[in-house]
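Observations on chain architecture
Next come the chains, spelled out residue by residue.
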Amino acid sequence: MNAYIERVIETVKQKHGSEPEFVQTVEEVLSSLSPVVDAHPEYEAVDLLGRMVEPERMFTFRVVWTDDAGKTHTNIGYRCQFNGALGPYKGGLRFQPNVYPGIVKFLGFEQIFKNSLTGLPIGGGKGGADFDPSGKSDAEIMRFCQSFMTALYRYIGPDVDVPAGDMGVGGREIGFLYGQYRRLKGTFENGVLTGKGLSYGGSLARPEATGFGAVYYLLEVLKHEGEDIKGKTIVAAGFGNVTWGICKKAMQLGAKVITLSGPDGYIYDPDGVCTEEKVEYLLEMRSSGRNQVKDYADKFGVKFFPGEKPWGVKGDIVMPSAMQNDVNMEQAKRIVETGAKYYIEVANMPTTNDALKFLMDQKNLIVAPSKAVNAGGVGVSAMEMSQNSERLSWTEEEVDSQLQRMMETIHRVSAEAAEKYGLGYNLVAGANIAGFLKVAEAMLEQGIF
Ligand code: 2IT
């Protein structure tokens, strides 16, 4: 590996040993840039990589709220403005009890390259809170969101930093967050958040965008291999917004998702999550706040496997679409044994680094990285920002056709970047390289800081 890259990774390991997810993503991204950094010895003199792994700034703040019984709770909120070279910081907010700086920074670092791949003018950021939304009432969620925004509002804006949803933050939360922003600022700047409701500046097709985009990307991979999606089975994970979008688009195209997972285990539906009723039911499972996939098994009479993950279930395509580090080495081996031909990451960093390397080494398996596959979500967020600044709404067809074109381009530029650096059809390295090069160029041209 390139010696400068090795030194930067070593420094990050020393400084951020207590943030393993962040170290993991830095190692994954930088190690695939070796041929690029070899070709650009000028990067080291301006410490381009050392600057890239350090957020421009990061806030933590106290978020105090009162529950329905009148008891006061104190949580920690975060916003990491990682890299603004390409545009306003852009990235979601995650509300989950395990949120801490290592999670916020890994997501923020991934977001830089993902947002670059969209081709749109957005920098990388991420935020959230160690708050558990499950089992909370609407009123509790509202008070939490209002308190969160009261702490954050002066540091964001349509041209500054534009948060959106992530795990635990959906349309309901974005509504409460936006209402509080508007109330505090006294302006109708709806471009400050994306994932909004349609009545106040949301974009058609934003809820579907991440899952639909993932399937559009998959179509490009299948096209490259001369295969058709019709009749294919998909082993997926999670049951939230992203997996819902995958099920819906797969159904439209004649493929079927046969597994879903949750914190409680996984379900196997051999007929596929591919009727309107089943796909709709995922929305109900999410809004119930129960956060369990067993509900699907109870409702549709399919098998539920408590405490287990779906890895090892036989299907043509594996799409880990739930959360980070959902597939480790042992589970990766099980996936290979099933004979699946495609491993299409969807969730942010769903694979541990050793497992990812192992999967990429398999001759008969094509691996695609989440920062390319799930970029349609933030891509349509950027389109929502455009619509807000133009003060008009695009039709669903316009958004969807732009999304399809974006996913096609992301696949193509990734494949071309890998090819250019002698790596063959390596979509993982190609996405890192293509995403990186644009950010590098912008940073170099903007001077040293
Ligand atoms: O991981 C992601 O790209 C998101 N959670 C969406 C970010 C956004 O700004 O739409």
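Residues numbered from 1 in each chain as written. Predicted model: local features only at pLDDT ≥ 70, side-chain atom pairs only at ≥ 80, totals over all residues. Heavy atoms only, no water.

Concerning helix α10 (residues 241–252)
Spanning 12 residues, α10 covers 17 Å between terminal C-alpha atoms, matching the ideal 16 Å at 1.5 Å per step. Every buried residue belonging to α10 is among Thr 243, Trp 244, Gly 245, Ile 246, Cys 247, Lys 249 and Ala 250, and all of these are buried. Contacts from the buried residues of α10 go to α9 (206–224), β6 (233–236), β7 (256–262), α11 (276–287) and β10 (317–319). Downstream of α10 by one or two residues, Gly 254 has phi in the positive range, about 85 degrees. (Helix = DSSP H or I, 4+ residues; strand = E, 2+ residues; numbered from the N terminus. Expected span 1.5 Å × (residues − 1). Buried < 20%, exposed > 50% of the residue type's maximum accessible area, 1.4 Å probe, protein only. Contact = heavy atoms within 4.5 Å.)

Quick word on the packing of aromatic side chains
For the structure on display, the rule yields 20 aromatic pairs. Feature note: the residues Phe 61, Trp 65, Phe 95, Phe 131, Phe 144 and Phe 148 constitute an aromatic cluster, connected by ring pairs. Against the face of Phe 212 rests Lys 249, its NZ or CZ located 4.4 Å from the ring centre. A cation over an aromatic ring shows up here: Lys 278 above the ring of Phe 300, its NZ or CZ 5.9 Å from the ring centre. (Phe/Tyr/Trp six-rings, centres within 6.5 Å; stacked < 30°, edge-to-face > 60°. Lys NZ or Arg CZ within 6 Å of the ring centre and 35° of its normal.)

Things to note about the sheet that holds strand β2 (residues 72–83)
On the basis of which strands lie adjacent, the open sheet formed by five strands has the order β1-β2-β4-β3-β5 and mixed pairing. Edge positions in the sheet fall to β1 (57–66) and β5 (161–165), since each of these pairs with one other strand and no more. Averaged over neighbouring strand pairs, the angle between their axes works out to 20 degrees when direction is ignored. Pairing analysis gives 10 bridges linking β1 to β2, with the strands arranged antiparallel. Across the sheet, residue Val 64 finds its bridge partner in β2, namely Thr 74. (Pairing = 2+ DSSP bridges. Axes fitted to C-alpha atoms, helices over the stretch in contact; angles between N-to-C directions.)

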